[in-house]
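Chains, contacts and geometry: an overview
Each chain, letter by letter, is given below.
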There are 2 protein chains.
Amino acid sequence: MASVRNARVVFSEIPQGVPDPQRSVKYDESELIDLDNVPLNGGFLAKAVALSIDPYMRNRMREAHIVQRFSPFLLGKPLVNYGVGRVIRSEHPGIKPGDYFHRKDLSFQEYSVIPDLSDVYVLTNEQKLPWTLYCGVAGMAGQTAWMGWHEYAAPKPGDVCFVTAAGGPVGSFVIQLAKAAGCKVVASAGSADKLQFARECGADVVFNYKTASTADVLQQEGPVNIYWDNVGGTSLDAALAHSANSARFIECGMISTINGESPHVKNLGMIVGNDLKVFGFIVGTLLPRYEDAFYGEVPRLVAEGKIRYREDVKKGLQYVGQAIYEVQTGGNKGKSVISLE
Amino acid sequence: MASVRNARVVFSEIPQGVPDPQRSVKYDESELIDLDNVPLNGGFLAKAVALSIDPYMRNRMREAHIVQRFSPFLLGKPLVNYGVGRVIRSEHPGIKPGDYFHRKDLSFQEYSVIPDLSDVYVLTNEQKLPWTLYCGVAGMAGQTAWMGWHEYAAPKPGDVCFVTAAGGPVGSFVIQLAKAAGCKVVASAGSADKLQFARECGADVVFNYKTASTADVLQQEGPVNIYWDNVGGTSLDAALAHSANSARFIECGMISTINGESPHVKNLGMIVGNDLKVFGFIVGTLLPRYEDAFYGEVPRLVAEGKIRYREDVKKGLQYVGQAIYEVQTGGNKGKSVISLE
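Residues numbered from 1 in each chain as written. Chains lettered and ligands numbered in written order. Predicted model: local features only at pLDDT ≥ 70, side-chain atom pairs only at ≥ 80, totals over all residues. Heavy atoms only, no water.

Chain A has the name NADP-dependent oxidoreductase in an unreviewed UniProt entry, where Phanerochaete sordida is given as its organism.

And the structure:
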């Protein structure tokens, strides 16, 4: 068989501030691949099915010498991120053609040779969910909400839970977990559409952080027993100021700091004074303990319609730059996913 | 018997910034007490033996309407803090004349009637230690170091432990706990004298944060697995920037913020990115679980000379204002205690 196109998205420029969708990444159709004959060396050949676009990807768009938890994207090389793939050929006994899987770092190209099963999780998908959902509510975003909540929230009925970026894939899931645990949920987001969705997910109080003072809302509705932080900055500062004794702060993300800014958080002293526990986490560290429990429960609940979610699916690798930009600026309407099928 | 003097120290003015020792508190000898006849109403009469002077007391010198974990001092009323007392008369079956005890809030006056045994812990002192030590290495300061370390540090041999205010009563004890656990200890303080003591306690690397860059030292000696924070601000920021993955930050105090300032901490994003766990704590919340174990071990080790400590004892209530000022500005040489015997 002749070689076929292997379209890809490469990292082309380290951004200053918010990534410019036209400059930071480039869609490239120049590569070819011979699907029948490309050497596998004991690994397997996979086609990308769905690729997740997430806020933290901005952290990987950095100078390669800067050491952080996640390796940097390399200039001229394809982006990598959490994604779902389908096996085309395999020399590995643990996975066979036709299997679907997710992998922590799947290359942003149509076809990849993967050397082994590290970070690969084979998906059975008994509920026949759309594969894009395995990048969202049943993928890394859902895992982040579900595993972080189970590990750190320690909810008690009546606890006040403040959720930021509440219309997003993680926040909206957290709202539902908090309501199921009997919490009162206060939710913030940056648009009427997102607030409406947060309300549909069960939030008791919703407000737009751009037009209302977070501190004033929490003064009224708090003190806060559980703070789910996706944003840092002003929201974190207000949650500190209005924290309950021994509150749990779940630090899932700080989008307000990710593009080079660092808002001045003035109430850090409350961490000591109010006996706060502040849990930064990366879902990867929780995955080994929770993965089987998550897949045993969440896809079934999604299939039964018991978990609300929204997706923002773009079809084709050529939309990766735009999707990254929207996720950094709040323009996406639901979990951002690139679909290739 | 005629009434005797009941000298006391009252809270006289809410300070702006660092408390002025001449204005914030007043020593007052005008009160009298009839030791034989003062009504006990089922409680007991005690003489103050030793009173602890601690950094956090600044938080209590505030407007009474501001709600924080610790109740405010009341203008015109005696200060209260952790202290050791001796029972003179008792109507309570759980405590008898001659018993020594510590109490979380003992009044800053020579004699007090205490209504019951809440927050009272009777001290056996089998090792015949000086009573002032029960305000220091065998008291709240020692409890803070010992209990906080056991609850949150999770040390592994070879871990880098960065200790701030390392010449103080908490920091110097933490150094010894960290060394006993096989850690490499990096210690900062603000004077040559304190650094010398930190070195004697076993610190591997010591530096003066006023003349050396904490970030530079941690860049060289880190990354930091365990950060014992007594100061917040610049030290916290540097520890965040040079944190190891999954490091533990033990937030014992933030003296840099206590007098109304709030230094801009720019690296909070590392809490998420480096999977950090940040444990604010108040020793009172750990006390119920750890108190018996602490008293079973620490006084014996102190008597055997196995724990280094330094005291800065002032004899007499008239020195309370000066002692508070020194603790806020780093002028004390060891655990600050007011002795009344």
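Still more ground to cover, so stick around.
1. Observations concerning the domain arrangement of chain A
Bring the parts together and some accessible area is lost; that lost area is often taken as the interface size. Residues and elements named next belong to chain A. Here chain A is described as being made up of domain 1 (4-136 + 312-339) and domain 2 (141-283). Once you take the C-alpha centre of each, domain 1 and domain 2 turn out to be 29 Å apart. Buried area between domain 1 and domain 2, both sides added, is near 1000 Å², and the carbon and sulfur share of it is 55%. Considering only the side of domain 1, the residues that lose the most area to domain 2 are Gly136, Gln328 and Lys335, jointly responsible for 27% of the buried surface there. Counting the contacts that link domain 1 with domain 2 gives zero salt bridges. Across the domain 1-domain 2 interface, the total number found is three residue pairs in polar contact (both at pLDDT 80 or more). Across the side of domain 1 that touches domain 2, the residue classes tally to eight nonpolar, seven polar and four charged. (Domains from an automatic or database assignment. Buried area = accessible area lost by both parts, 1.4 Å probe. Salt bridge = Lys/Arg side-chain N within 4 Å of Asp/Glu carboxyl O. Polar contact = N/O pair within 3.5 Å; in protein donor to acceptor, adjacent residues only side chain to side chain. Nonpolar A, V, L, I, M, F, W, Y, C, P; charged D, E, K, R; others polar.)

2. Thoughts on the interface of chain A and chain B
Every contact between the two is made by 30 residues of chain A and, on the other side, 30 residues of chain B. A combined buried area of about 2300 Å² lies between chain A and chain B, and 62% of that area is made up of carbon and sulfur atoms. Three residues, Arg69(A), Leu268(A) and Val272(A), lead the burial of chain A against chain B; their summed loss comes to 23% of the area buried on that side. Inspection of the chain A/chain B interface yields zero salt bridges. Across the contact surface, chain A and chain B share nine residue pairs in polar contact (both at pLDDT 80 or more). Looking at the side of chain A that touches chain B, the elements that each hand over two or more residues are β14 (243-251), α8 (269-273) and β15 (277-280) of chain A. Partitioning the side of chain A that touches chain B into residue classes produces 14 nonpolar, eleven polar and five charged. (Contact = heavy atoms within 4.5 Å. Helix = DSSP H or I, 4+ residues; strand = E, 2+ residues; numbered from the N terminus.)

3. Some words on helix α10 (residues 320-329) of chain A
One turn of an α-helix holds 3.6 residues; hence residues three or four places apart share an orientation. All names here are of chain A. Across the ten residues of α10, seven count as buried, placing the element largely inside the fold. Regarding α10, the residues found buried are Val320, Gly321, Ala323, Ile324, Glu326, Val327 and Gln328. At the C-terminal side of α10, Gly330 shows a positive phi close to 80°. (Buried < 20%, exposed > 50% of the residue type's maximum accessible area, 1.4 Å probe, protein only.)

4. Thoughts on the UniProt feature "domain: Oxidoreductase N-terminal" (unreviewed entry) in chain A
If you check UniProt for "domain: Oxidoreductase N-terminal" (unreviewed entry), the listed places come out as residues 9-114 of chain A in our numbering. As annotated, residues 9-114 of chain A has a helix share of 4% and a strand share of 39%, and its two end C-alpha atoms lie 18 Å apart. (UniProt positions renumbered as here; feature names shortened; annotations may be inferred.)

5. Some remarks on the packing of aromatic side chains
Within this structure, the stated rule accounts for 32 aromatic pairs over all chains. With a centroid separation of 5.5 Å and an interplanar angle of 90°, the aromatic rings of Phe44(A) and Phe101(A) are classed as edge-to-face. Placement of Phe44(A) in strand β5 (residues 44-52) and of Phe101(A) in strand β7 (residues 100-107) is noted, with a sequence separation of 57 residues between them. Given a relative accessible area of 0%, Phe44(A) falls into the buried group. Here Phe101(A) falls in the buried class, since its relative accessible area comes to 0%. Note on Phe294(B) and Tyr295(B): the rings are 5.1 Å apart at their centroids and 85° apart in plane angle, and the pair reads as edge-to-face. (Phe/Tyr/Trp six-rings, centres within 6.5 Å; stacked < 30°, edge-to-face > 60°.)

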